Amino acid sequence: MLDFIIVDIKSINHEIYTKYTKGDNAIVLKNLEIIKDKIPDITIRIPHIKDYNNIDDVVSSMKYLEKLGY
């Protein structure tokens, strides 16, 4: 069983996430909901990625994750 995990979310903004990763963040966000109460220690990083996001995007992602209970 996992007791610690680090997640690098990039952005909760679908456009930013897709532009940077070429993937879909819906899976990541759903997984964060699933593991929230199952793993005791979760660290989530939301990096500022030059040419992809700005501080407002990072803050928006933080607020979203806070609403999820992080």
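This text follows the structure it describes.
Quick summary incoming for the structure in this document. For clarity, every value in this text was computed on a predicted model and none was experimentally measured.

Comments concerning helix H2 (residues 25-35)
Here's step 1: Among all positions of H2, only Asn25, Leu29, Leu32 and Ile35 are buried. One side of H2 carries all its buried residues, which in axial view fall inside an arc of 135°.
Here's step 2: Contacts made by the buried residues of H2 are with strand E1 (4-8), helix H1 (14-21), strand E2 (41-45) and helix H3 (55-68).
Here's step 3: The N-terminus of H2 is capped by aspartate 24, whose side-chain oxygen sits 2.9 Å from the backbone nitrogen of alanine 26.

Structural notes on the environment of lysine 22
Here's step 1: Inspection of the secondary structure puts lysine 22 in the loop between H1 and H2.
Here's step 2: On a C-alpha basis, the gap between lysine 22 and threonine 43 in space is 23 Å, while along the polypeptide they are 21 residues apart.
Here's step 3: Separated by 3.1 Å, the side chain of lysine 22 and the backbone oxygen of lysine 19 make a polar contact.

Structural notes on the packing of aromatic side chains
Here's step 1: The final tally for this structure, using the stated rule, is one aromatic pair.
Here's step 2: With centroids separated by 4.8 Å and ring planes inclined at 80°, the aromatic side chains of tyrosine 20 and tyrosine 52 adopt a geometry described as edge-to-face. Taken together, the positions of tyrosine 20 in helix H1 and tyrosine 52 in the loop between E2 and H3 put the pair 32 residues apart, joining distant regions of the chain.
Here's step 3: According to the relative accessible area criterion, tyrosine 20 is partly exposed, its value standing at 35%.
Here's step 4: Judged by relative accessible area, tyrosine 52 falls into the partly exposed class, the value being 31%.

Some words on a nonpolar patch on the surface
Here's step 1: On the surface, Ile55, Val59 and Met62 cluster together to form a nonpolar patch covering roughly 260 Å² of accessible area.
Here's step 2: With respect to the helices and strands, the residue valine 59 is situated in helix H3.
Here's step 3: Among the residues examined, valine 59 registers a relative accessible area of 35% and is labelled partly exposed.

So, how was this worked out
- Residues numbered from 1 in each chain as written.
- Predicted model: local features only at pLDDT ≥ 70, side-chain atom pairs only at ≥ 80, totals over all residues.
- Heavy atoms only, no water.
- Buried < 20%, exposed > 50% of the residue type's maximum accessible area, 1.4 Å probe, protein only.
- Helix = DSSP H or I, 4+ residues; strand = E, 2+ residues; numbered from the N terminus.
- Arc of directions from axis to C-beta.
- Contact = heavy atoms within 4.5 Å.
- Polar contact = N/O pair within 3.5 Å; in protein donor to acceptor, adjacent residues only side chain to side chain.
- Phe/Tyr/Trp six-rings, centres within 6.5 Å; stacked < 30°, edge-to-face > 60°.
- Patch = residues over 30% accessible without salt bridge, like charges linked within 9 Å, V, L, I, M, F, W, Y side chains within 5 Å.
- Areas by Shrake-Rupley, 256 points an atom, 1.4 Å probe, with all protein chains shown as cover.
- Salt bridge = Lys/Arg side-chain N within 4 Å of Asp/Glu carboxyl O.

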